[in-house]
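# Survey of secondary and tertiary structure
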Amino acid sequence: MADIDIPPSRKAASPFSSNTPLLAWSRRLLKSMLPPLVAVLVALFAGAVLLAVTGFNPLDIFTVMVSGVFQNVRSIAEMLLKATPLILIGVGLCVSFRCSIWNIGAEGQFYAGACAATFCGVNFAGLPPALHICLVLVAGTAAGALWAAIAGVLKVAFNASEIVTTIMLNYIAIFMTSYLVTGPLMEQGAAYPQSAKFAHAIWLPRIIPSTRLHIGILIAVALAVVAYVFLFRSSAGYAVRIVGINSHAARYAGISVSRSIVLAIAISGALAGLAGAVQIEGVTYRLYQDISPGYGFEAIAVALLANNNPIGAILSGILFATLDSGSELMQINAQVPQVLVFVIQGMVILSVVGFAALKFQSARPSE
Amino acid sequence: MAGQTLLRIENVHKRFGAVIASAGASIEVREGEIYALLGENGAGKSVLMSILCGVLTADEGRIVCRGVELQPGSPEEAVRRGIGMVHQHFMLVPNLTVAENYVLGQGSPLRVLSHMKAVSARIRELSDKYGLDVRPDALVRNLSVGEQQRVEILKVLYHGIDLLILDEPTAVLTPQETDRLLELLRDLVADGKTVIFISHKLDEVMRVSDRVSVMRDGKVVFTTDTSATNPRELARMMVGRDVLMELPREAARQGEIVLSVRDLACNNELGLPAVRGVSFDVRRNEIVGIAGVSGNGQSELALAMSGLAPATAGSIRLNGEELCGLSPAAINRRSFAHVPEDRHKMGIVLPLPLTENVILQRYNRPPFSARGLLRSRAVEDHTRDLVQRFKVKARDIDVPIQTLSGGNQQKLVVARELARHPDFLLINQLTRGIDIGAMEFVMQEVLKQREAGKAILLISTELEELFAICDRILVIYEGRIIGEMPPDRSRLDEIGLLMAGKEPSARSAGSEPVRVH
Ligand SMILES: Nc1ncnc2c1ncn2[C@@H]1O[C@H](COP(=O)(O)OP(=O)(O)OP(=O)(O)O)[C@@H](O)[C@H]1O
Ligand SMILES: [Mg+2]
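Our focus in this paragraph is the overall build of chain A. When its secondary structure is counted, chain A shows 13 helices and 0 strands. From first element to last, N terminus to C terminus, chain A shows the α and β order α-α-α-α-α-α-α-α-α-α-α-α-α. On the principal axes, the C-alpha backbone points of chain A span a range of 70 × 60 × 40 Å. Counting every position in chain A, which comprises 367 residues, the buried fraction comes to 51%. Put simply, of all contacts in chain A between residues at least 6 apart along the chain, 75% involve residues at least 24 apart. A distance of 11 Å separates the average location of the 19 positive side-chain charges in chain A from that of its 13 negative side-chain charges.

What follows is the structure, encoded as structure tokens:
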């Protein structure tokens, strides 16, 4: 991993350190996992204080939450179902953030992917199911990539801030979805604005009997590994990272900065679009308004907590999904208002960002 | 004026993992003196000074200033005690003005903002007092390195510092700027301040310091009054052997032309003409130097040649092939290597490990890349090879390059470029920050490339560097080549005049005529 911080400690001064590659590797893994872990603990502690102040017993509440989420196979499956889009989108955002491209538009790219997927899902009924499933996934991926690439092209052509353009593209995609489900894609004779339901044959296969968990989670984990290899083991990923850290050095190295920028944001859009397609094919089976409860935004926190490491995004996606599922349980079983859980999630993000700032401080060169 | 003891650093130890940066270093600084600190790259000078001013915390040892022990690891405390440092690599925020940089981190933003007028007035006052020529409302990113350094020095003075630490302040300065700086240091001392001065340039140390210490492997091994020593002795103390100032080299051979520049012109970042019609050839087995006061178009010339800035006119031919209009990537692939002027801005990627820094231009080509993937074994072997051959001091090859000392970073950049075995090598500042022992080695490596039939263009503000290895020296002034000289130290005055834009009219009889384009 390239994101190792400056070794600050004199404690680590063992002459036997990093003797075997495996030992060195696991030491580094531990070290890179430590800051986010501490950040989460700090946030949970702050959350506990908050709960205590508002008259709850934090220990009870956390017990309810964790034991609820991990109660049985079904509850775990539900949690992983929530984690799937978070991981998919978060992994993509890792790539874009590594390039220092602040794609805030994953939400819109998710919608763009969902729309394209729905269009292909309700049409082309004659295709063999396996082929049809692939077509739907590819369409969602491509739509998300294109949607994001717009912001990338605007950035390299006119130096338009991707933060602004991606937020604007969010609105367009979301309103476009509303239009589609109330117009061209609306189910014949339906009472609500929604698309027709996908044929059963093209639903994503489920992987655990009597749960809703589908192969999307496996796709997400596999793509996280692919993204990791891309970022840290491939030449193109190297270029993306160099551009993200020092664009002068990138130009000096002969890296095309524009190409890397468009590539990085398109990859993040592709994964967000794929998440949209997976959500439709695996969970909702049809398109409607507000199909995302804000996955695209929550995934920003997922990537940040993971320090923009795709493998880490698997873990942080699961953590956020746990908090999400737990929040429902807290509300139902412990009468904790859900907003409090949102506050705790906000605290996780804040302390993650805070720790990142601290790290930046200590990473100042010593000279 | 040897005053009484101002500061004592006692037995300071500091290690980073397995690297020992300080191994019981002790120094004593007297009130009102200029104290010079010498040592090889990675000897621990910067680390020791960072500990002194509270940026780093020592593992062991203590610092006593005016009889009071300093609280370790607290820059605020150091500033309160009047200790301030200008770091080897500047630490200004480019997008802020000078005045804004000065108040950064100085109390609440509201209070600071309401005081901006007073701040600017104080900056002007100090600037006038020491003749520093610093404008409080200038944007830092528009300043040259020399100006930025004056801003850094004034910043320290602004904070009421009376022990000023300068870490290799002259590495990036032209001889004229250096003279001015040394003069400033004497003014400061006359004004009651004390100065610690780190440099690799022995003549400066001899000229300006009262006392001098040499560091080796994290310890102070030698301290003396400057008047009681000489450069030779200092060099021997630093490197442990005699250093050759004259490098042996084979006589010049006339090879065929490798690089040919004709009527090249290009603009600077602000769109103003910086290079105005430059023509020269570089042949095989030849090192051509470009001398000049910095800011006369050297940076732009280097950028245009490497494709990083567009040329507005003219042509650059490498082995007969036109380079103008090609992308930097295409030029990279055409047997063209480039040691850039500013290693931190362009030459390296600070947070990345050594391994990922040595493949910068070859990240997508064999042997470092196959089928789109990086080949870590090849990358590691190559890095290890470079680190060993160039004696780069690093704990491991996978540490971030920013943990290396400044000179070791530069050695790795030079090593990387030489290892590409290009037909043509463009070097903009070869030995910036490199110690005298390593300097000799690096120059020898460049000479080896010359002997191996490469064509080399060396742009430098260091005349010593140019004299040591060049076959001929072109002088650049205001974007034009205004003369050509042999690398002959006895004609230093003429070169000096040319660099100042003056035609050396009264030439000593018998010397060959200066060719003016
Ligand atoms: N943050 C750090 N992490 C690990 N090692 C470090 C760090 N800072 C410095 N070092 C190591 O400490 C040693 C001393 O470094 P220092 O920067 O003091 O050298 P220096 O004498 O200033 O050399 P130079 O003349 O090249 O600037 C070097 O080997 C360097 O690699
Ligand atoms: Mg140093």
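The discussion continues.
A few words now on the interface of chain B and chain A. Tallying the contact residues gives 47 residues for chain B and 31 residues for chain A. Buried area between chain B and chain A, both sides added, is near 3,500 Å², and the carbon and sulfur share of it is 57%. Where chain B touches chain A, the interface holds 1 salt bridge. A salt bridge links E356 of chain B to R241 of chain A, with the shortest nitrogen-to-oxygen separation between them at 2.6 Å. Residue composition of the side of chain B that touches chain A, by class: 20 nonpolar, 19 polar and 8 charged.

The next subject is the packing of aromatic side chains. Residue and element names in this part refer to chain B. Under the counting rule described, the total for this entry stands at 10 aromatic pairs over all chains. Between F336 and F424 the ring centres are 5.3 Å apart and the planes differ by 55°, which places this aromatic pair in the tilted class. Here F424 lies in strand β19 (residues 424-428) and F336 lies in strand β16 (residues 336-339), a separation of 88 residues in the sequence. You can call F336 buried: its relative accessible area is 2%.

Attention shifts here to the site of ligand 1. Near ligand 1 lie 22 residues; those nearest to it are N41, G42, S46, S405 and G407 of chain B. At ligand 1, the nearby residues belong to more than one chain, namely chains A and B. The contact in question runs from an oxygen atom of ligand 1 to an N or O atom on the side chain of S405 of chain B, over 2.7 Å. Separating an oxygen atom of ligand 1 from a backbone N or O atom of G407 of chain B is a distance of 2.8 Å. When ligand 1 sits alone it has 640 Å² of accessible area, and the protein chains cover 97% of it. Per element, the largest residue contribution to the shell around ligand 1 is 3 residues, and it comes from helix α1 (residues 45-52) of chain B. Split by residue class, the shell around ligand 1 holds 7 nonpolar, 11 polar and 4 charged.

Moving on, we get to the side chain of T118 of chain A. Residue and element names in this part refer to chain A. When you line up the elements, T118 lands in helix α4 (residues 106-122). Judged by its relative accessible area of 0%, T118 falls in the buried class. Excluding residues within four positions of it along the chain, T118 makes contact with L185, S195, F198, I280 and L287.

Sheet strands associate in pairs through backbone hydrogen bonding, adopting either a parallel or an antiparallel arrangement. All names here are of chain B. The sheet built from 6 strands is open, its strands ordered β6-β7-β8-β3-β9-β10 with mixed pairing. In this open sheet, the two strands that pair with only one neighbour each are β6 (83-86) and β10 (219-225). Geometrically, the sheet is characterised by an average inter-axis angle of 20° between neighbouring strands, direction not taken into account. Across 4 bridges, strand β3 (residues 34-39) lies against strand β8 (residues 194-198) in parallel orientation. Paired with L37 across the strands is I198, a residue of β8.

Further remarks concern a nonpolar patch on the surface. Where nonpolar side chains cluster on the molecular surface, the patch consists of W102, I163, V164, I167, M168, Y171, I172 and F175 of chain A and spans about 770 Å² of accessible area. Inspection of the secondary structure puts Y171 of chain A in helix α6 (residues 162-182).

Residue and element names in this part refer to chain B. Most of β8 is tucked away: 5 of the 5 residues are buried. Note that strand β7 (residues 163-167) and β8 share 5 bridges and pair parallel. When the sheet's bridge partners are listed, I165 is paired in β8 with I196. With helix α7 (residues 175-190) bridging β7 and the parallel β8, this β-α-β connection has right-handed handedness.

Residues and elements named next belong to chain B. Across the 6 residues that make up strand β21 (residues 472-477), a large majority, 5, are buried. Taken together, the 4 bridges between strand β13 (residues 286-291) and β21 define a ladder with parallel strand orientation. Residue pairing for β21: V288 is matched across the bridge by R472. Here β21 hands over to strand β22 (residues 480-485) after 2 residues, with E478 in that stretch at a positive phi of 45°.

Moving on, we get to the packing of helix α3 (residues 73-98) of chain A against helix α7 (residues 216-233) of chain A. Residue and element names in this part refer to chain A. Look at α3 against α7: their axes get within 9 Å of each other, and the N-to-C directions meet at 15°. Comparing their axes, α7 and α3 come out roughly parallel. With respect to the hand of their crossing, α3 and α7 are arranged in left-handed fashion. Residues L80, T84, I87, L88, V91, C94, V95 and R98 of α3 touch α7, and the partners they reach there are G216, I217, A220, L223, A224, A227, F230, L231 and F232. Per-class residue counts for the contact of α3 with α7 are 14 nonpolar, 2 polar and 1 charged.

This part takes up the environment of L386 of chain B. All names here are of chain B. When you line up the elements, L386 lands in helix α14 (residues 376-389). When the C-alpha positions of L386 and V98 are compared, they lie 40 Å apart, and in sequence the two are 288 residues distant. When near neighbours in sequence (up to four residues on either side) are disregarded, L386 contacts V358, K391, V392, L412, A415, R416 and A419.

Attention now moves to helix α5 (residues 116-130) of chain B. Residues and elements named next belong to chain B. Taking 1.5 Å per residue as the helical rise, α5 with its 15 residues ought to reach 21 Å, and the 21 Å between its terminal C-alpha atoms agrees with that figure. Turning to α5, its buried residues number three or more, namely M116, V119, S120, I123, L126, S127 and Y130. Take α5 and look down its axis: the buried residues cluster within an arc of 130°, on one side only. Of the exposed residues in α5, those oriented more than 90 degrees away from the buried face are K117, D128 and K129. Looking at the residues trailing α5, positive phi occurs at G131, about 60°.

Looking at chain B, pLDDT values average 86 and 95% of them are 70 or higher. Model confidence for the complex: the whole-complex pTM is 0.84, and ipTM, which rates the interface, is 0.83.

Residue and element names in this part refer to chain A. With their axes 11 Å apart at the nearest point, α7 and helix α10 (residues 257-284) run at an angle of 170° to one another. Here α10 runs roughly antiparallel to α7, going by the angle between their axes. Residues G216, I219, L223 and F230 of α7 form the contact with α10, whose participating residues are L263, I267, L271, L274 and V278. Split into classes, the residues belonging to the contact of α7 with α10 amount to 8 nonpolar, 1 polar and no charged.

So, about the side chain of E33 of chain B. Residue and element names in this part refer to chain B. With respect to the helices and strands, E33 occurs in the loop between β2 (19-30) and β3. Within polar-contact distance, the side chain of E33 engages the backbone nitrogen of R30 at 2.8 Å. Among the polar contacts made by the side chain of E33, one reaches the side chain of R211 at a distance of 2.9 Å.

Below, the discussion takes up the pattern of salt bridges. Pairing between side chains becomes possible if they bear opposite charge and their charged atoms approach one another. All names here are of chain B. All told, the structure shown has 32 salt bridges over all chains when counted by the stated rule. Note that D217 is salt-bridged to K393, the shortest N-O span being 4.0 Å. Here D217 is found in the loop between β9 (211-216) and β10, whereas its partner K393 is found in the loop between α14 and α15 (406-418), with 176 residues between them in sequence. Linked through salt bridges whose partners overlap, the residues forming this network are R8, E10, R62 and E69.

Scoring rules and cut-offs
Residues numbered from 1 in each chain as written. Chains lettered and ligands numbered in written order. Predicted model: local features only at pLDDT ≥ 70, side-chain atom pairs only at ≥ 80, totals over all residues. Heavy atoms only, no water. Helix = DSSP H or I, 4+ residues; strand = E, 2+ residues; numbered from the N terminus. Buried < 20%, exposed > 50% of the residue type's maximum accessible area, 1.4 Å probe, protein only. Contact = heavy atoms within 4.5 Å. Lys, Arg positive; Asp, Glu negative; His and termini not counted. Charge placed at Lys NZ, Arg CZ, Asp CG, Glu CD. Buried area = accessible area lost by both parts, 1.4 Å probe. Salt bridge = Lys/Arg side-chain N within 4 Å of Asp/Glu carboxyl O. Nonpolar A, V, L, I, M, F, W, Y, C, P; charged D, E, K, R; others polar. Phe/Tyr/Trp six-rings, centres within 6.5 Å; stacked < 30°, edge-to-face > 60°. Near = heavy atom within 4 Å. Polar contact = N/O pair within 3.5 Å; in protein donor to acceptor, adjacent residues only side chain to side chain. Areas by Shrake-Rupley, 256 points an atom, 1.4 Å probe, with all protein chains shown as cover. Pairing = 2+ DSSP bridges. Axes fitted to C-alpha atoms, helices over the stretch in contact; angles between N-to-C directions. Patch = residues over 30% accessible without salt bridge, like charges linked within 9 Å, V, L, I, M, F, W, Y side chains within 5 Å. Right-handed = clockwise from strand over helix to strand, strands pointing away. Parallel < 35°, antiparallel > 145°, perpendicular 65-115°, else oblique. Left-handed = near helix turned anticlockwise from the far one by under 90°. Expected span 1.5 Å × (residues − 1). Arc of directions from axis to C-beta. pLDDT = per-residue confidence, 0-100.

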